[in-house]
Amino acid sequence: MIHLKSVSVAYQSKTALSDITLHITPGQKLALIGHSGSGKSSLLKLLYEKLQQQSKSCTFIAQDYALVKHLCVFHNVYMGQLGRQPTWYNILNLIKPLAKPVTDVSEILKQLQLNDKIFEPVSQLSGGQQQRVAIARALMHASPTLLADEPISSLDEVQSHWVMELLCSRFESMIFSLHDVDLALKFCDRIIGLDQGKIVTDDFSKNLNRTELLKLYAE
Amino acid sequence: MQNKSTSFQHSHRWKISWIFILIALACLPFADLAINTFDPLTELGRFFFALLNPSLINIENPLDAILQTIAFSFLGVALGCIAGFFLALIYHWRIIQIICALLRAVHELFWALIFLQIFGLHPITGLLALGIPYAATFAKIYAEIIEEGERNAYENIRDHSDFISTFFYARLPDIWNHFVSYTSYRFECGLRSSAVLGFVGLPTLGYHLSTTFLEGQYSEVWALLILFYLLIATIRFWVSAKLIPLYLLISPFIISNDSTISFSNVTRFFTQDIVPAPLKNNESFSSLWHWFSDLLFNEALPGILNTLLLTQITLVLSGLFALLCFPLISKLFFNQFERSIGHFFLVIMRSTPEYILAFILLTLWGPSMLPAVVALSLHNGAIIAYLIGRYSNALNIHQNTLRGLNLYFFEIIPNIYAQFLAFLFYRWEIIMRETAILGILGIATLGFYIDSAIADIRLDKAMVLIAITALLNVTVDMLARFLRTRLRLKTSIDCT
């Protein structure tokens, strides 16, 4: 579904990505790994733009969560599917949460162990809780493709595992960046390693091993 | 050859400040500064003495005047707020920015004078006179708030939902507080503007103030002023979010409406009154040009010159007054009790509409520029002193060995001067607008010629002069903004 050939991206004369050649087909779970500054976020943004140009519906989880801090968890998660309801319904829901949306959002929040915080303002949640709200919003949006920039960076080990399981079961195709090499090997079928804006590894997980991948993080 | 870093260089701000001071000094000999009344000090004394026994005996219905003032300001500001919000959504178009700048440049009183010719004393005069310039101001500030708000959530969801839902969910909650704080500040301004509209005939406080003052009933003047101060000081008690819809609902019923709009008046205004006389009489082009150049050289030019003279002198004096007075409310110089006195004094100067201050002084001292300069300097100086005082209280001054004048000159002034200039240049355009308006009271600024033209029922001349005033104001505004960028001064939205 995405085909990139020798694409380069630069921001204000600083090269973020150079000579990227990549072919992605639907149904793949793809992990991007590499240390900070290697170009993972830039590549994700590029892929997101390409999908939008093709008018393919996709969900994006940003690194800084992109939540509305002054609204409560419920409204933030509801925002994942604003386009599926008429405007008047959305505005009504904003003023007073309606029964059906509350049920739908509760279902999702229960799976992320956040249901007790459903009406709490996002600004009062911890980093890990806010990240789960962003994930809940993505689940609400429920498109076939997920692009996520370090979606589990603020979660502890145990949470990381079941959140990754949840995401993998809900989205047909996934492209996300990760720091944890073991999770990448466990949950993805394909791994792309980046270093200084270039793709240095692109292979199926079954062909890769932990030690090789850790080299990407070595100086 | 001298090495730049080894020889002392004054900063740009120093140089600009001195340029403005020199301009003001150069203006002084040309400004007609004099006290023209027979016995000004006695009259001034009588005025202040009346403060000791304020009374409302001679006023027919003071409560009604207050209610009218409040009602006009609620409806006028609400009208401006809603129109301004929609304009803010399309503010990125250049043409809207230009139109708003021109609408803002015309003072509420000038708008009132225009609408009085069209609608007479019908309440819509007051509503439009407040609503139109306020809408233009709201448009600009709301657009800035929207522009500077957080966009991350908005970017994330905009592709899969409609504009209205996205705006209300992803943008409005974060910028709401800014909207509320600016709008409530504007409401206070609206109360002042509403009161001042009474000076041209609308049934608000200004009407009673002007009549009682001209009859020398100073006790009543003080009673009305005290009522007005109380009104403004207690705003946060009677204006709460829940009550605002109620106030807006009953305001239209409070506003006295015993006049009707004559539609023949309206059409005549647009088709005959404002058409330049030579065009109306089918005269030649050279006659039209003669009419225009006559207007330009005999009225507009002296008006512009006097307005600018007055503006420059007032600007510098306001700055000096602010620098002198801001320590009165600064934690670094005075204790809590002393500061509360300073606060009280500055609040009185700030809350009294400059038009009323000027009116009082002009009546007591006669029609010259001196009372106008004093009134505007006191009012604007107090505003800037308040802003700088608040700013200085928020500074982290680590030095605690310096005291008094040393502290003032070596630590405080260098730290606040940039912000001070930013506020001063921001007020420059407002001061210019106010000096133009004061012409209505008799001094030879642009307002004088506009008022005379209206009194002569030469509305064609009046409209041209109002347009010239607006252009002058926009020019000063652009100059002020240019200087602020050049000197890298910034004011945030919250401290207007």
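Rules used in this analysis
- Residues numbered from 1 in each chain as written.
- Chains lettered and ligands numbered in written order.
- Predicted model: local features only at pLDDT ≥ 70, side-chain atom pairs only at ≥ 80, totals over all residues.
- Heavy atoms only, no water.
- Contact = heavy atoms within 4.5 Å.
- Buried area = accessible area lost by both parts, 1.4 Å probe.
- Salt bridge = Lys/Arg side-chain N within 4 Å of Asp/Glu carboxyl O.
- Polar contact = N/O pair within 3.5 Å; in protein donor to acceptor, adjacent residues only side chain to side chain.
- Helix = DSSP H or I, 4+ residues; strand = E, 2+ residues; numbered from the N terminus.
- Nonpolar A, V, L, I, M, F, W, Y, C, P; charged D, E, K, R; others polar.
- Buried < 20%, exposed > 50% of the residue type's maximum accessible area, 1.4 Å probe, protein only.
- Core = buried A, V, L, I, M, F, W, Y, C linked by side-chain atoms within 4.5 Å.
- Disulfide = S-S within 2.5 Å.
- Phe/Tyr/Trp six-rings, centres within 6.5 Å; stacked < 30°, edge-to-face > 60°.

Trainee: I tried to follow the interface of chain B and chain A on my own but got confused; where do I start?
Mentor: Often the size quoted for an interface is simply the accessible area lost on bringing the parts together. Contacts between the two partners involve 17 residues from chain B and, on the opposite side, 24 residues from chain A. Approximately 1,700 Å² of surface area, both sides summed, lies buried where chain B meets chain A, with 57% of it carried by carbon and sulfur atoms. Taken as a group, B:Asn156, B:His160 and B:Tyr169 account for 41% of the area that chain B buries against chain A, more than any other trio of residues on that side. Inspection of the chain B/chain A interface yields zero salt bridges. Here chain B and chain A share eight residue pairs in polar contact (both at pLDDT 80 or more) between them. Residue assignment for the side of chain B that touches chain A shows that the elements contributing at least two residues are helix H7 (152-157) and helix H8 (163-197) of chain B. Per element, the largest residue contribution to the side of chain B that touches chain A is nine residues, and it comes from H8(B). In the side of chain B that touches chain A, the residues fall into seven nonpolar, seven polar and three charged.

Trainee: It is not clear to me how the pattern of salt bridges should be interpreted in this structure. Could you clarify?
Mentor: A side chain of one charge can pair with a side chain of the opposite charge when the charged atoms of the two come close. All told, the structure shown has ten salt bridges over all chains when counted by the stated rule. Of the charged contacts, one joins A:Arg210 and A:Asp182 as a salt bridge, the two residues approaching to 2.5 Å between their closest N and O atoms. Of this pair, A:Arg210 sits in helix H8 (residues 210-214) while A:Asp182 sits in helix H7 (residues 181-187), and the two are 28 residues apart along the sequence. When the shortest N-O distance is used, the salt bridge between B:Arg458 and B:Asp460 registers 3.3 Å. You can call B:Asp460 buried: its relative accessible area is 4%.

Trainee: Please explain the nonpolar core as it appears in this structure.
Mentor: A general trend in soluble globular proteins is that nonpolar side chains are found buried together. Ranked by size, the top nonpolar core spans 157 residues in total, and within it B:Phe110, B:Trp238, B:Phe326, B:Phe420 and B:Phe425 carry the most contacts. Leaving out residues up to four positions away in the same chain, B:Trp238 has contacts with B:Ile70, B:Phe74, B:Phe187, B:Leu191, B:Leu231, B:Leu243 and B:Tyr247. By size, the runner-up hydrophobic cluster in this structure holds 47 residues, among which are A:Tyr65, A:Ile135, A:Met140 and A:Leu208.

Trainee: What is the right way to read the state of the cysteines from this model?
Mentor: As used here, a disulfide is simply a covalent bond connecting the sulfur atoms of two cysteines. One pass over the structure, following the stated rule, counts zero disulfides over all chains. Left without a disulfide partner, A:Cys188 is nearest to the cysteine sulfur of A:Cys168, which lies 6.2 Å away. Unpaired in terms of disulfides, B:Cys81 finds its nearest cysteine sulfur in B:Cys189, a separation of 13 Å. The exposure class of B:Cys81 is partly exposed, given its relative accessible area of 21%.

Trainee: What am I meant to see in the packing of aromatic side chains here?
Mentor: Residue and element names in this part refer to chain B. Summed over the entire model, instances satisfying the criterion amount to 41 aromatic pairs over all chains. Ring geometry for Phe20 against Trp428: centres 5.2 Å apart, planes inclined by 80°, an arrangement best described as edge-to-face. Highlighted residues: Phe20 in helix H1 (residues 12-27) and Trp428 in helix H19 (residues 404-437), separated in sequence by 408 residues. Relative accessible area serves as the criterion here: at 11%, Phe20 is assigned to the buried category. An angle of 35° between the planes, with centres 5.1 Å apart, marks the rings of Phe74 and Tyr247 as tilted.

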